[in-house]
Amino acid sequence: MSLFFPIVIDTLITHTDPRIPDWIKHEYNIRPITRPTAAVRRIEQRLREVSWEKHPRMKARHDIFVGRNEIVKEFENRFDDIDKALPKLVVASGLREIGRKSTIKHCLKKANIIKGSYTPVTISLSQTDSIESLISKLLDLGFSEFRQYTDLSTLTLEEKIGFCANLFCDFYELKEKIILEDNNCLTIDGEIKDWFIQVIKRANYEGPVVSIATQSRLKKHVYRNNETICFLDIPEMDGKERIGLLKRLGDHLELGLRNEDLKEFRNILTGYPSQVTMQWI
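Residues numbered from 1 in each chain as written. Predicted model: local features only at pLDDT ≥ 70, side-chain atom pairs only at ≥ 80, totals over all residues. Heavy atoms only, no water.

Another point: the packing of helix 7 (residues 157-173) against helix 8 (residues 194-202). Viewed as axis vectors pointing N to C, helix 7 and helix 8 meet at an angle of 50°, and their least axial separation amounts to 8 Å. Put simply, helix 7 runs oblique to helix 8. Every pair of crossing elements has a handedness; the one defined by helix 7 and helix 8 is right-handed. Note on element contacts: helix 8 touches helix 7 through W195, F196, Q198, V199, I200 and R202, opposite L157, E158, I161, G162, C164, A165 and F168. (Axes fitted to C-alpha atoms, helices over the stretch in contact; angles between N-to-C directions. Helix = DSSP H or I, 4+ residues; strand = E, 2+ residues; numbered from the N terminus. Parallel < 35°, antiparallel > 145°, perpendicular 65-115°, else oblique. Left-handed = near helix turned anticlockwise from the far one by under 90°. Contact = heavy atoms within 4.5 Å.)

This part covers the pattern of salt bridges. Applying the stated criterion across every chain, the model contains 16 salt bridges. Salt-bridge contacts for E176 lead to R41; the nearest nitrogen and oxygen are separated by 3.0 Å. A residue pair is termed long-range when its members are at least 10 positions apart, and E176 in the loop between helix 7 and strand 3 (178-182) and R41 in helix 2 (residues 36-54) qualify at 135 residues. Judged on exposure class, the residue E176 and its partner R41 are both buried. Because the salt bridges share partners, they merge into one network encompassing R46, E49, E53 and K115. (Salt bridge = Lys/Arg side-chain N within 4 Å of Asp/Glu carboxyl O. Buried < 20%, exposed > 50% of the residue type's maximum accessible area, 1.4 Å probe, protein only.)

Let's shift gears to the pairing of strand 2 (residues 121-125). Every second residue of strand 2 is oriented toward a common face, the buried set being V121, I123 and L125 and the non-buried set T122 and S124. One ladder, built from five bridges, connects strand 2 with strand 3; its direction is parallel. Pairing of S124 across the sheet is with E181, part of strand 3. (Pairing = 2+ DSSP bridges.)

As structure tokens, then:
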């Protein structure tokens, strides 16, 4: 178990610096992380991994994910399709508390885009939010290098789109992922707002950096020729998935649930995963 986690926070120091001992250079991948927020997240992720190494049951609880097999398979097939460009945006549609964000993370994990110990950044956007709100919330996260303060109200929409695209590029450079929890800010009448489509188009990177979790059922045929977007429709869990989640969690907690017990719950459980998981957080 490695309890040493070197991080370079000075832009003037590289991994070749003679002051760094050879045993560190040879044994560890030393990367500069000059933005404090990013460094904190790296440390938190490593602490989580160390905790899981010491307490495997904590990892086992974290890894419990049941069902959505067809969704995950379709996602993996899309990202393995070398005849298409890698999607830059993932959109998960479904009811609140139905598992949109957890399904996004599971899909990204299964496609080897993120590690199981990694947690994407989440921003909530309401109906009253706008592109200016999104830019402000991205800046507040602290992942971007200091930018001279700009009164966003003085910028044209085109300039705001470019500004937002650059902020997403900063996430890409830091290998960070972001989930935008959309409450009628980014979507309208079954379509993604054009300004956000333009932001994704202007963002100069490959692969998924941004995901949207929304209640809106989008008109996927509108984006039939847009390979930058990958859509996930998240329905309620079916009967087998509900019981499977309860059984898996019950086994983990050593509740000793029998088949007779599970059958008692069969007609009580709805298709919301939280109905099962919230009972034993």
